[in-house]
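Descriptive analysis of the structure
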Amino acid sequence: MAFRQKHLLGIEPLHPDEITTVLDVAERYVDLNRQADKHSDALKGLTQINMFFENSTRTQSSFELAGKRLGADVMNMAMQASSIKKGETLIDTALTLNAMHPDLLVVRHPHSGAVDLLAQKVNCAVLNAGDGKHEHPTQALLDALTIRRAKGRLHRLNIAICGDIAHSRVARSNLMLLGKMENRVRLVGPPTLVPQQFREFGCEIYDDMAEGLKDVDVVMMLRLQKERMDGGFIPSEREYFYRYGLDADKLAHAKPDAIVMHPGPMNRGVEIDGTIADDINRSVIQEQVEMGVAVRMAAMDLLARNLKASREEANGVMV
Ligand code: NCD
């Protein structure tokens, strides 16, 4: 199995063969999740703690379900937004956690880099469930699995990521993953939300939807991250929808079989028209949620294997 990581903190450190391994293992969990008995013993006896310092519906429930289906003892720690302090508080949290002997720690945090810091202080595998504007690796992996299943491949595709790129960890992780797998990625949005430094990822930038969506295979819409904005990034939501919201007219510029994606939660009528989001012939948004559980099962399964191997090695047991 090609997956050598101790933690899943981002897409950046992953090699393309490790990405493929996660997706291949996830395929098996897609099948398992469609059966009446959805249980496996991959995490039996292990403890998974979910710490979400930022609100989440689908990511947290997806990780919880993934852990339970794999037989882990899963605990959700209630992290109040008001308990977020910097530096030492996080380290103190890590020490408290260590005393509980978790094996897998799933962390979402509003500050970029906070999850990496925590990973250095605990003795278990850490999964980043989204840190600030930095990375959201399991989202990019579930998007990749969704694309691979819909298009039959994950290379040489033209993919447009549209909207609020500046504040989006989903965009950053996807850019890195799709680039590593040799796809052509375009970023489409108003200049206030698509910083020019994103060119360093080797992508093209458009501020016009008709041009940006021309002949693409995949249209990935992003939520306008109002909670991360502190100024006038857009004139009004109405105007934003008019210029950048995905509707049938704009989608007509993409390939006729282009798929539409959105990580959720959606602002209908802001970045996406409700009828497009619900169009089962174009939208794979529900499939993304299904793939999310399978990808998180795969990621935790692979990390647990490495964790067990390293512990056995430390105990002098042959593996
Ligand atoms: C994303 C996130 O939290 O970064 N959502 C998610 O994980 N389902 C995207 C978003 O909040 O817009």
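Residues numbered from 1 in each chain as written. Predicted model: local features only at pLDDT ≥ 70, side-chain atom pairs only at ≥ 80, totals over all residues. Heavy atoms only, no water.

A short note on the overall build of the protein chain
As a reminder, the rule being used: The helix and strand labels rest on DSSP assignments: H or I over at least four residues marks a helix, E over at least two residues marks a strand, and numbering proceeds from the N terminus. This radius of gyration counts C-alpha atoms alone. The globule rule is 2.2 Å times how many residues there are, raised to the power 0.38. A simple rule labels every residue: compare its accessible area, found with a 1.4 Å probe on the protein chains alone, to the largest value its type can have, and call it buried under 20%, exposed over 50%, or partly exposed in between. By definition, residues are in contact when any of their heavy atoms lie within 4.5 Å. For the area figures, the Shrake-Rupley method with a 1.4 Å probe applies, and any residue is considered shielded solely by the protein chains shown. We treat Lys and Arg as the positive residues and Asp and Glu as the negative residues; His and chain ends play no part in the count. To locate a charge, take NZ of a lysine, CZ of an arginine, CG of an aspartate or CD of a glutamate.
In terms of regular secondary structure, the protein chain is built from 11 helices and 9 strands. Relative to the compact-globule value of 20 Å for 319 residues, the protein chain shows a C-alpha radius of gyration of 20 Å, a close match. For the protein chain, the C-alpha atoms occupy an extent of roughly 60 × 40 × 35 Å along the three principal directions. Split into buried and exposed, the 319 residues of the protein chain put 56% on the buried side. Relative to all contacts within the protein chain whose residues are 6 or more apart in sequence, the contacts with residues 24 or more apart total 74%. Of the roughly 14300 Å² that the protein chain leaves accessible, carbon and sulfur atoms contribute 49%. Looking at charge distribution, the protein chain has the averaged site of its 39 positive side-chain charges lying 1 Å from that of its 43 negative ones.

Some points on the sheet that holds strand E4 (residues 125-131)
This is how it is decided: By definition, two strands form a pair when at least two bridges between them are found by DSSP. Each axis is a line fitted through C-alpha atoms, taken for helices only over the stretch in contact, and angles between the N-to-C directions span 0 to 180 degrees.
One open sheet accounts for 4 strands, arranged E2-E1-E3-E4; its pairing is parallel. Because the sheet does not close on itself, it has two edges, and the strands there are strand E2 (73-77) and E4. Mean inter-strand twist for the sheet, computed between neighbouring axes without regard to direction, equals 15°. Sitting on the sheet, helix H11 (residues 285-314) touches strand E1 (47-52), strand E3 (104-109) and E4, and the angle it makes with E4 is about 150°.

Some details on the site of the ligand
This is how it is decided: We call a residue near a molecule or strand as soon as one heavy atom of that residue lies within 4 Å of the molecule or strand. Pairs of N or O atoms are called polar contacts if they sit within 3.5 Å, as long as, within protein, a hydrogen donor faces a hydrogen acceptor (for residues adjacent in sequence, only side-chain-to-side-chain pairs).
Taken together, the residues surrounding the ligand are Arg 58, Thr 59, Arg 108, His 136, Gln 139, Arg 169, Val 170, Arg 223, Gln 225, Pro 263, Gly 264 and Pro 265. Taking Arg 223, its side chain carries an N or O atom lying 2.7 Å from an oxygen atom of the ligand. Surface burial for the ligand is 95%, taken as the share of its 320 Å² of free accessible area covered by protein chains. Secondary structure elements with two or more residues in the shell around the ligand: helix H2 (58-69) and helix H6 (169-180).

Details of the packing of aromatic side chains
Rules: Pairing of aromatic rings covers Phe, Tyr and the six-membered ring of Trp, with a centre-to-centre limit of 6.5 Å; geometry is then stacked below 30 degrees between planes, edge-to-face above 60, and tilted otherwise. Only lysine NZ and arginine CZ atoms are considered, and such an atom sits over a ring when it is within 6 Å of the ring centre and within 35 degrees of the ring normal.
Counted by the stated rule, this structure contains 2 aromatic pairs. Measuring from centroid to centroid gives 5.7 Å for Tyr 240 and Tyr 244, while their planes differ by 35°, and the two rings are tilted. Taken together, the residues Tyr 240 and Tyr 244, both in helix H8 (residues 237-244) and 4 residues apart, mark about one turn of the helix. In this pair, the class of Tyr 240 matches that of Tyr 244, namely buried. Across the ring face of Phe 241, the terminal group of Lys 250 is positioned such that the distance to the ring centre comes to 5.7 Å.

Quick look at the side chain of Asn 33
Relative to the elements of secondary structure, Asn 33 occurs in helix H1 (residues 16-33). Looking at Asn 33, the relative accessible area reads 12%, which means it is buried. Within the structure, Asn 33 has its side chain in polar contact with the side chain of Arg 69 (distance 3.2 Å). Residues within four places of Asn 33 in sequence aside, it is in contact with Lys 38, Arg 69, Val 293, Ala 294 and Met 297.

Some points on H6
Note the cut-off: A helix is expected to reach a length of 1.5 Å times the quantity of its residues less one.
In this model H6 runs 17 Å from its N-terminal to its C-terminal C-alpha over 12 residues, within 8% of the 16 Å that 1.5 Å per residue would give. Taking burial as the measure, the 12 residues of H6 include 9 buried ones, the bulk of the element. Listed as buried for H6 are Arg 169, Val 170, Ala 171, Ser 173, Asn 174, Leu 175, Met 176, Leu 177 and Leu 178. Phi turns positive, to about 65°, at Glu 182, one or two residues after H6.

As for the environment of Ala 304
Topologically, Ala 304 is positioned in helix H11. Under the relative-accessibility criterion, Ala 304 is labelled buried at 1%. Separated by 298 residues in the primary sequence, Ala 304 and Lys 6 have C-alpha atoms spaced 8.8 Å apart. In contact with Ala 304, other than residues within four places in its own chain, are Leu 43 and Leu 46.

A closer look at the nonpolar core
Note the threshold: Here the nonpolar core consists of buried residues drawn from Ala, Val, Leu, Ile, Met, Phe, Trp, Tyr and Cys, with membership extended through side-chain atoms lying within 4.5 Å.
In this structure, Tyr 29, Leu 127, Leu 141, Ile 147, Ile 161, Leu 177 and Leu 187 are the most contacted members of the largest nonpolar core, which totals 66 residues. Of the residues forming this core, the biggest block, 11 residues, is contributed by H11. Not counting residues within four places of it along the chain, the set of residues in contact with Ile 161 comprises Ala 171, Asn 174, Leu 175, Leu 178, Val 185, Arg 186, Leu 187, Val 188, Met 220 and Leu 222. Residues Val 188, Val 216, Val 219 and Met 221 belong to the second largest nonpolar core, which totals 25 residues.

Looking at unusual backbone geometry
Following Gly 264, the chain continues into Pro 265 via a peptide bond in cis, with omega recorded as -5°. Tracing the backbone shows Pro 265 in the loop between strand E9 (259-261) and helix H10 (274-277). Phi is positive for His 101, close to 55°, though the residue is something other than glycine. When you line up the elements, His 101 lands in the loop between helix H3 (88-98) and E3. Backbone geometry places Glu 182, a non-glycine residue, at a positive phi of 65°. Within the element layout of this structure, Glu 182 appears in the loop between H6 and strand E6 (184-188).

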